[in-house]
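Each chain, written out:
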Amino acid sequence: MLRSISRAWVPAFAAMALALAGASAALAGPYPGVGRSATPAEIAAWDIDVRPDFKGLPPGSGSVTQGRKVWDDKCASCHGTFGESNEVFTPLVGGTTAEDLRTGRVKSLVSADVARTTMMKLSSISTLWDYVRRAMPWNAPKSLSTDEVYAAVAYLLNLGDIVADDFVLSDANIAEVQARLPNRNGMTRDHGMWDVRGKPDVANVACMKDCAVEVNVSSIFPESAKGAFGDIAQQNRGVGATRSGRGDKAAPALAVAKASSMDDVASRGGCLACHSIDKRVVGPAFKDVAAKYRGEPGSEAKLVEKVLNGGGGAWGSIPMPPNPALAESDAHALVRWVLGL
Amino acid sequence: MKPSRAAGRLTPAPENFLDAGQIAAVQAGRREFLRGAFLAAAAAIAAPEAEAATQAGDPAILELPEHSRGLGQPVVARGYGLPSQFEKNLQRRESPGLTRVGAASVSFAPLQGLFGIITPSGLHFERHHQGWWDIDPSRHRLMVMGMVRQAKVYTMDDLMRLPAVSRMHFIECGANTAMEWGNVSVPTVQYTHGMLSCCEFTGVKLATLLDDCGFDRRNGRFVLAEGADGSSLTRTLSMERALDDGMVAWAMNGEMLRPENGYPLRLVAPGIQGVSWVKWLRRIEVGDQPWGTKDEVVHYVDLMPDGTLRQYTSIQECKSVITSPSGGQFLLDKGFYNVTGLAWSGRGRVKRVDVSADGGRNWRTARIESPVLPKCLTRFNIDWVWDGGPAILQSRAIDETGYVQPKISQLRAVRGKRSIYHNNAIQSWKVAESGEVSNAQVY
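Fair warning: this is a prediction, and the values are worked out from it, not measured in the lab. Sequence positions are assigned chain by chain, starting from 1 and proceeding in written order. The lettering of chains begins at A and the numbering of ligands begins at 1, in the order of writing. With the structure being a predicted model, the display of local features is reserved for residues of pLDDT at least 70 and the display and counting of side-chain atom pairs for 80 or more, all residues being used for whole-chain, interface and lining totals. Excluded from the side-chain calculation are hydrogens and water; included are all heavy atoms of the structure.

**As for the overall build of chain B**
Point 1. Scanning chain B from N- to C-terminus turns up twelve helices and 24 strands.
Point 2. Throughout, exposure labels follow a simple rule: accessible area from a 1.4 Å probe, protein chains only, divided by the maximum for the residue type, with under 20% read as buried, over 50% as exposed, and the rest as partly exposed. Counting all 443 residues of chain B, 63% fall into the buried class.
Point 3. We call two residues in contact whenever any of their non-hydrogen atoms come within 4.5 Å of each other. Considering only contacts in chain B between residues 6 or more positions apart, those separated by 24 or more positions represent 71%.
Point 4. Each accessible area is a Shrake-Rupley estimate made with a 1.4 Å probe; only the visible protein chains count as cover when residues are assessed. In the form shown here, chain B has an accessible surface area of approximately 16200 Å², with 54% of it arising from carbon and sulfur atoms. Only DSSP runs of H or I reaching four residues or more are called helices, and only runs of E reaching two or more are called strands; each is numbered from the N terminus.

Written out as structure tokens, the structure is:
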């Protein structure tokens, strides 16, 4: 244990360790005085992981019905009422069949044109439970109670036709759900990419001369897609062995990482989870908001009220949830900033 | 360039960007256009002084610039130095349409303009799942718990008292080059390979911390790392990897980590895909089974043609890419070029890099620059004289295990086209007669 400490120091450490014996467990290790023991409450506060064998799963329960309410209040704005939305992410559910529940292998994973939903890939139910608890809702992670996590997971399972409408998910029956997961048998760890000495699955040879290759260009970057990446010329240095073309004016230069101070407030206020300045995300592009209300008297006060308390109907079917954690002064500053864009 | 022949005051300077007309000229195969443009511009300058200047030489030499005739800026004009104003083009960038929200997204490093093997901290690629934070280091804690004799809490003060090590390693996202499994879909090396960076990290070995807490050597076969951000991202590491070269690092390239890279503490998991290098690291747990986290079961799984998902594909296998000349660039003229690029392997050192200019028929071995370190980027260079004809440039790395970087056709034969992750295929850059370089796939 003392191997990384120079020899001359060892007797001193040994003496110290003796002197401190029994004083504090934290001081008894190879690096005396560094760190301290964790308290049980501290461990409980952070040890939130749930493993596939359900180690770490807290007791509790939640019904599909309760889950629908959690979902509508806290998840649907981003993921869609039925977990179908791909506005923010690939859909959470869909693509699984009754046959898959029986075999434990999702057949549609074989076909090329199916969007791969979370439920299609999920091989352990603990993964979903653990993730919803630690990371969702995306803009307010770790805000759900244990029972709300059970409920939200129950609702997702119900949307995936894995459990019935009257199902109540709990720590007592979660193993039964595991046994019904559509892709529970669809994975493997039999490959060489976990072990640093693992066996690769392809074997090229380093031919040097007159190698037998058909030099056919099978695919090339399409001219038509160039504009999408902004002005490539502006992405290369102006001196050196090469230059780049500036011609195609198709798209404006890509937004590069920029951080004006209001961007920062919007980011910390959680607004950028759903909005961006110039594209529609979940909510409207801030520039579109500015264009819509420019010059309209009273718009600032109205929008501040809406940002704080939420509301819908102006831009589509998805409402904006309330932003209760936002200071009123920040809401004013943000709206003024948005309107000035 | 050839300044003696090209002398003259020219607007716009063709040595900067090519304008639309010049590109058209280039694409029409008139690759002498640069010289032509110079001569035409020189002829257009009718004033006698200009004529004289043209004959006498390059005004960049003959007309002393302001910086040779005046007083420059004082020290600490900028307390923290910044790149030259002329380097603004080299920025991290998002790939359009790849992700939908900026806080769960990725930005790519501009490999086309970088030198050597170290990525400047401000250009290191980013991948966040739930946005980034700038965390007060005095309030940051690391907990080591699970199958240990004594679960412990460390402050940054504590960690920085422990025996420190400094190591250079590459970090590559498992999804680097993902867009190219099916077809060519992005134009430049920034987007094909830019989820790759390499830095010197300083921190404490994970083994030191595990020893300090007295981990269970018999049954503690896995280690979980967890972040302190909203996503509290978790990933399982094998105990073997953790003890071998795993690190808990606070520094990158001689200064503290940048917030986007996990300030004040991140895991360094050499050779393993970037998602395992947990940022804003708050907790290490020792256990006897892997954790099956969201980024081990639902993402970072490689889809095989029969629908099976490979889980826990961690190691980044041997790979290389030519960074210059590369997609989206134009060669200025025929003649001599230094072809340069990067090679790396998650299984150890790079042993050799070969380069082909004819699409893989004939290869020459490139010069490898030192240092050549395990699980670290290695820079290669090779001389090339472009004869002005069409060419296809490729590089192929071999690591110390003898593994040879594969062709895309070999990867597809085993893994199909939809596995997203771990595409380490040989990259081809097609050089047209016009000098334009584009991303292409052969094989």
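**Remarks on the sheet that holds strand 21 (residues 378-386) of chain B**
Residue and element names in this part refer to chain B.
Point 1. Whether two strands pair comes down to DSSP finding at least two bridges between them. The strand order across the open sheet formed by four strands is 15-17-21-20, and the pairing between neighbours is antiparallel. Every other strand in the sheet has two partners, leaving strand 15 (319-324) and strand 20 (367-368) as the edge strands with one partner each.
Point 2. The pairing of strand 15 with strand 17 (residues 335-344) spans five bridges and is antiparallel. Looking across to strand 17, one finds that Val 321 is bridged to Leu 342.

**Considerations on the pairing of strand 9 (residues 247-252) of chain B**
Residue and element names in this part refer to chain B.
Point 1. Of all six residues in strand 9, six are buried; the element is thus mostly enclosed.
Point 2. Both strand 6 (residues 196-205) and strand 9 contribute to a ladder of five bridges, which runs antiparallel. Paired with Thr 202 across the two strands is Ala 251, which belongs to strand 9.
Point 3. Across three bridges, the pairing between strand 9 and strand 11 (residues 266-268) is antiparallel. Within the sheet, the bridge partner assigned to Ala 249 lies in strand 11 and is Arg 266.
Point 4. In the sheet, strand 9 pairs with strand 10 (residues 255-256) via two bridges, with the strands oriented antiparallel. Bridge pairing in strand 10 links Met 252 to Glu 255.
Point 5. Linking two consecutive strands that pair antiparallel, namely strand 9 and strand 10, is a turn of two residues; a positive phi of about 55° is found at Asn 253 within it.

**Observations regarding the packing of aromatic side chains**
Point 1. Between rings of Phe, Tyr and Trp, where Trp is taken as its six-membered ring, a pair exists when centres lie within 6.5 Å; planes separated by under 30 degrees are stacked, by over 60 edge-to-face, and by other angles tilted. Under the definition given, this model contains twelve aromatic pairs over all chains.
Point 2. On the basis of an interplanar angle of 35° and a centroid distance of 5.1 Å, the ring pair of Tyr 300 of chain B and Tyr 421 of chain B is categorised as tilted. Taken together, the residues span a long stretch of sequence, with Tyr 300 of chain B in the loop between helix 11 (294-297) and strand 13 (302-303) and Tyr 421 of chain B in the loop between helix 12 (408-415) and strand 23 (428-431) at a distance of 121 residues.
Point 3. The exposure class of Tyr 421 of chain B is buried, given its relative accessible area of 7%.
Point 4. Ring pairing ties together the aromatic residues Phe 221 and Phe 229 of chain A together with Phe 108 and Tyr 191 of chain B, which thus form one cluster.
Point 5. Geometrically, a charge over a ring is one whose NZ (Lys) or CZ (Arg) sits within 6 Å of the ring centre while staying within 35 degrees of the ring normal. Its guanidinium or amino end placed over the ring of Trp 315 of chain A, Lys 292 of chain A lies 4.6 Å from that ring's centre, counting from NZ or CZ.

**Notes on the domain arrangement of chain A**
Residues and elements named next belong to chain A.
Point 1. The source of the domain bounds is an automatic or database domain assignment. According to the domain assignment, chain A contains domain 1 (61-178) and domain 2 (256-339).
Point 2. A C-alpha centroid distance of 30 Å is found between domain 1 and domain 2.
Point 3. Taken together, the contact pairs six residues of domain 1 with six residues of domain 2.
Point 4. Joining two parts hides part of their accessible area as seen by a 1.4 Å probe, and the buried area is that hidden amount summed over both. Buried surface at the junction of domain 1 and domain 2, summed over both partners, amounts to about 560 Å²; 64% is from carbon and sulfur atoms.
Point 5. Salt bridge, as used here, is a side-chain nitrogen of Lys or Arg placed within 4 Å of a carboxyl oxygen of Asp or Glu. Connecting domain 1 to domain 2 are zero salt bridges.
Point 6. Pairs of N or O atoms are called polar contacts if they sit within 3.5 Å, as long as, within protein, a hydrogen donor faces a hydrogen acceptor (for residues adjacent in sequence, only side-chain-to-side-chain pairs). Between domain 1 and domain 2 we count zero residue pairs in polar contact (both at pLDDT 80 or more) in total.

**Examining the nonpolar core**
One broad rule of soluble globular proteins: the nonpolar side chains tend to lie buried together.
Point 1. What is meant by a nonpolar core is a set of buried Ala, Val, Leu, Ile, Met, Phe, Trp, Tyr and Cys residues, joined one to another through side-chain atoms within 4.5 Å. One finds Leu 142, Leu 159, Leu 210 and Ile 284 of chain B to be the most contacted residues of the largest nonpolar core, which totals 108 residues.
Point 2. The element that contributes the greatest number of residues to this core is strand 9 of chain B, accounting for six residues.
Point 3. Split by domain, the residues of this core number at least three in each of domain 1 (90-310) and domain 2 (319-440) of chain B.
Point 4. If you look at the next biggest cluster of nonpolar residues, it comprises 47 residues, including Trp 129, Tyr 131, Val 132 and Ala 152 of chain A.

**Section: the layout of surface pockets**
Residue and element names in this part refer to chain B.
Point 1. The volume enclosed by the second largest pocket comes to roughly 690 Å³.
Point 2. Definitions used throughout: a 1 Å grid over protein atoms alone; a cavity as a set of points that fits a 1.4 Å probe which cannot get out; a pocket as an open set with protein on both sides within 12 Å along at least five of seven lines; a lining residue as one with an atom within 4 Å of a point. Lining the second largest pocket are 23 residues, with Pro 83, Leu 90, Gln 91, Gly 122 and Leu 123 sitting closest to its centre.
Point 3. All amino acids are sorted into three groups, where Ala, Val, Leu, Ile, Met, Phe, Trp, Tyr, Cys and Pro are nonpolar, Asp, Glu, Lys and Arg are charged, and the leftover types, Gly among them, are polar. Tallied by class, the residues present in the lining of the second largest pocket amount to ten nonpolar, seven polar and six charged. Grid points are joined across faces, edges and corners, and a volume is the space filled by probe spheres set on the points.

**Re the sheet that holds strand 22 (residues 391-399) of chain B**
Two strands in a sheet stick together by hydrogen bonds in their backbones, pointing the same way (parallel) or opposite ways (antiparallel).
Point 1. Taken in spatial order, the six strands of this open sheet run 5(A)-24(B)-23(B)-22(B)-18(B)-19(B), and their pairing is antiparallel. In this open sheet, the two strands that pair with only one neighbour each are strand 5 (219-220) of chain A together with strand 19 (364-365) of chain B.
Point 2. In this sheet, strand 24 (residues 437-441) of chain B lies alongside strand 5 of chain A in antiparallel orientation, the contact comprising two bridges. Opposite Ile 220 of chain A, over in strand 24 of chain B, you have Ala 440 of chain B as the bridge partner.

**Brief notes about the state of the cysteines**
Point 1. The disulfide definition used here is simple: a pair of cysteine sulfur atoms within 2.5 Å. Under the defined criterion, the tally for this structure stands at one disulfide over all chains.
Point 2. Between Cys 274 of chain A, a free cysteine, and Cys 78 of chain A, which holds the nearest cysteine sulfur, the sulfur-to-sulfur gap is 4.3 Å.
Point 3. Classification of Cys 274 of chain A by relative accessible area gives buried; the value is 15%.
Point 4. There is no disulfide at Cys 199 of chain B, and the cysteine sulfur nearest it, in Cys 198 of chain B, is 6.6 Å away.

**Quick notes on the interface of chain A and chain B**
Point 1. Tallying the contact residues gives 110 residues for chain A and 135 residues for chain B.
Point 2. Interface area for chain A against chain B, summed over the two sides, is near 10600 Å², with a carbon-plus-sulfur share of 55%.
Point 3. Considering only the surface of chain A that becomes buried against chain B, Trp 46, Met 193 and Trp 194 of chain A emerge as the three largest contributors, covering 9% of it.
Point 4. At the junction of chain A and chain B, the tally comes to nine salt bridges.
Point 5. For Arg 283 of chain B, the salt bridge is made with Asp 47 of chain A, and the minimal N-O distance between the two is 3.2 Å.
Point 6. For the pair chain A and chain B, the number of links is 63 residue pairs in polar contact (both at pLDDT 80 or more).
Point 7. Of all the secondary-structure elements, those providing two or more residues to the side of chain A that touches chain B are strand 1 (36-37), helix 2 (40-46), helix 6 (118-121), helix 7 (125-135), strand 4 (187-188), strand 5 and strand 6 (242-243) of chain A.

**A word on the environment of Arg 218 of chain B**
Residues and elements named next belong to chain B.
Point 1. Tracing the backbone through its elements, the reader meets Arg 218 in the loop between helix 9 (206-212) and strand 7 (222-227).
Point 2. With relative accessibility at 71%, the residue Arg 218 sits in the exposed group.
Point 3. When the C-alpha atoms of Arg 218 and Leu 142 are compared, they prove to be 24 Å apart, with 76 residues separating the residues in sequence.

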